[in-house]
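Next come the chains, spelled out residue by residue.
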Amino acid sequence: MTWTAPEIDRTPLLYVGDERPMLQSFLDDYRAILLRKCQGLTGVQLANRSVEPSSLSLLGLIRHMTDVERGWFRKRAAGEDIPWIHISKTNPDTDFDDLVPEDAEFELARYRDEIALCDKAAAALPLDHTFVHPRTGKTISLRWVYLHMIEEYARHCGHADFLRERIDGATGN
């Protein structure tokens, strides 16, 4: 039997509430949208680069967002001294380039595990918590990280829309 990405249930989006739960709700919604774009597809389909000449694929987006989550929430905001998962100095695009379709089930599980670890790390910090970005030297707040992550997911979920439609014609979220 060929593995396919599982179905994803979306939790209802908050329309009223305090700032932190609202930010978390929007972030969680975009995370679920990305996973829903993958549901029902095989590893080969997830690795399909269907918009030439781009190296974008749904599996690449999952791998990319695994490192983006880790980088902003755990490495930078929480200050954890942990390595990147896919990013390397020799190939900064390895998250998109070095795809193994047979690893898709593992990569989706790793993405979901990383989200849980990121949520745990961020929950311990106030939105006003700041850190200095190691490359730019700018002081950044956790609030900014949430807003940036929502923006990052919005952009990549748009990419995922086109990728999924090209693979099997599925549209919507």
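Quick caveat: nothing in here was measured; it's all calculated off a predicted structure.

Explain the overall build of the protein chain to me, please; I cannot follow it from the model alone.
Looking only at helices and strands, the protein chain features six helices and two strands. When the helices and strands of the protein chain are listed from N to C terminus, the series reads α-α-α-α-α-β-β-α. Taken over the C-alpha trace, the protein chain has a radius of gyration of 16 Å; the compact-globule value for 173 residues is 16 Å, and the two agree within 12%. Overall size of the protein chain, expressed as C-alpha extent along the three principal axes, is 45 × 45 × 30 Å. In the protein chain, the proportion of contacts linking residues at least 24 apart, taken out of those at least 6 apart, comes to 70%. Carbon and sulfur atoms make up 54% of the accessible area of the protein chain, which totals about 9300 Å². Here the protein chain carries 21 positive and 28 negative side-chain charges, and the mean point of each set is 4 Å from the other.

How should the packing of helix α1 (residues 19-38) against helix α5 (residues 104-123) be read in this particular structure?
The description of two packed helices rests on the angle between their axes and on the distance between the axes. Taken N-terminus to C-terminus, the directions of α1 and α5 make an angle of 175°; their axes are 12 Å apart at the nearest point. With respect to α5, the axis of α1 lies roughly antiparallel. Along the contact surface, α1 presents R20, Q24, D28, R31, L34, L35 and C38, while α5 presents L108, Y111, R112, I115, D119, A122 and A123. Classifying every residue of the contact of α1 with α5 gives eight nonpolar, one polar and five charged.

Help me understand the pattern of salt bridges in this model?
As a working rule, side chains carrying opposite charge can pair if their charged atoms are close by. As enumerated under the stated definition, the model contains 15 salt bridges in all. R143 is paired through a salt bridge with E19; the nearest N and O atoms lie 2.7 Å apart. Of this pair, R143 sits in helix α6 (residues 142-168) while E19 sits in helix α1; the two residues are 124 residues apart in sequence, bridging distant segments of the chain. Given the relative accessible area of 25%, R143 is considered partly exposed. Residue classification places E19 among the partly exposed positions, given a relative accessible area of 40%.

Mind showing me how you'd approach α1 here?
An α-helical turn contains 3.6 residues, so a residue and the one three or four places further along point in the same direction. Relative to the 28 Å expected for 20 residues at 1.5 Å per residue, α1 spans 29 Å between its end C-alpha atoms, a close match to the ideal helical length. Phi for G40, located one or two positions after α1, is positive at around 80°.

I would appreciate a short explanation of the packing of aromatic side chains in the present structure.
Within a pair of aromatic rings, the relevant descriptors are the distance that separates the centres and the angle that separates the planes. A complete count under the given rule lists three aromatic pairs for this structure. With a centroid separation of 5.3 Å and an interplanar angle of 65°, the aromatic rings of F73 and Y146 are classed as edge-to-face. Of the two residues, F73 sits in helix α3 (residues 58-77) while Y146 sits in helix α6, which places them 73 residues apart along the sequence. Of the aromatic side chains, those joined through ring pairs into one cluster are W72, F131 and W144. Over the aromatic face of W84 sits the side chain of K75, whose NZ or CZ is 4.9 Å from the ring centroid. One cation-aromatic arrangement involves R76 over W72; the distance from NZ or CZ to the ring centre is 4.5 Å.

When you look at the packing of α3 against α6 in this model, what are you seeing that I'm missing?
Contact geometry of α3 with α6 gives a least axis separation of 10 Å together with a crossing angle of 175°. By the angle between their directions, the pair α3 and α6 is classed as roughly antiparallel. Residues belonging to the contact of α3 with α6 are distributed by class as follows: 16 nonpolar, four polar and three charged.

Hey, could you run me through the nonpolar core in this one?
For soluble globular proteins, nonpolar side chains are generally found buried alongside one another. Ranked by size, the top nonpolar core spans 44 residues in total, and within it L34, L46, F73, L142 and M149 carry the most contacts. Where this core is concerned, the elements lending two or more residues are α1, α3, α5 and α6. Broken down by element, the residue count for this core peaks at ten residues, all from α6. Once residues within four sequence positions are removed from consideration, L142 is found in contact with R20, F73, A77, A122, L125, P126, L127 and H129.

Reading guide: rules and limits
- Note on numbering: residues in each chain are counted from 1, in written sequence order.
- Local features in this predicted model are restricted to residues of pLDDT 70 or higher, and side-chain atom pairs are both shown and tallied only at a pLDDT of 80 or more, whereas totals for entire chains, interfaces and linings draw on every residue.
- Hydrogens and water molecules were not included; the side-chain quantities draw on all heavy atoms of the structure.
- Segments assigned H or I by DSSP are reported as helices when at least four residues long, segments assigned E as strands when at least two residues long, and all are numbered from the N terminus.
- Each radius of gyration reported is based on C-alpha atoms, and the globular scaling rule is 2.2 Å times the count of residues to the power 0.38.
- Contacts: residue pairs with any heavy atoms within 4.5 Å of one another.
- Exposure was quantified through the Shrake-Rupley algorithm and a 1.4 Å probe, taking into account, for residues, occlusion by the shown protein chains and nothing else.
- This count recognises Lys and Arg as positive and Asp and Glu as negative, with His and chain-terminal groups excluded.
- Where a charge lies is defined by one atom per residue type, namely NZ (Lys), CZ (Arg), CG (Asp) and CD (Glu).
- Think of each axis as a best-fit line through the C-alpha atoms, taken over the contacting stretch in the case of a helix, with angles from 0 to 180 degrees between the N-to-C directions.
- Our angle categories are set so that under 35 degrees counts as roughly parallel, over 145 as roughly antiparallel, 65 to 115 as roughly perpendicular, and the remainder as oblique.
- Classes in brief: Ala, Val, Leu, Ile, Met, Phe, Trp, Tyr, Cys and Pro nonpolar; Asp, Glu, Lys and Arg charged; the others, Gly included, polar.
- Here, a salt bridge means any side-chain nitrogen of Lys or Arg that lies within 4 Å of a carboxyl oxygen of Asp or Glu.
- Burial here depends on accessible area, computed with a 1.4 Å probe over protein chains only, as a share of the maximum for the residue type. Under 20% is buried, over 50% is exposed, and the range in between is partly exposed.
- How far a helix is expected to stretch is found by multiplying one less than its residue total by 1.5 Å.
- By convention, a stacked pair of Phe, Tyr or Trp rings (six-membered ring in the case of Trp) has centres within 6.5 Å and planes under 30 degrees apart, an edge-to-face pair has planes over 60 apart, and any other such pair is tilted.
- A ring has a charge above it when a Lys NZ or an Arg CZ is no more than 6 Å from the ring centre and no more than 35 degrees off the ring normal.
- Remark: nonpolar core denotes a set of buried residues (Ala, Val, Leu, Ile, Met, Phe, Trp, Tyr, Cys) joined through side-chain atoms within 4.5 Å.

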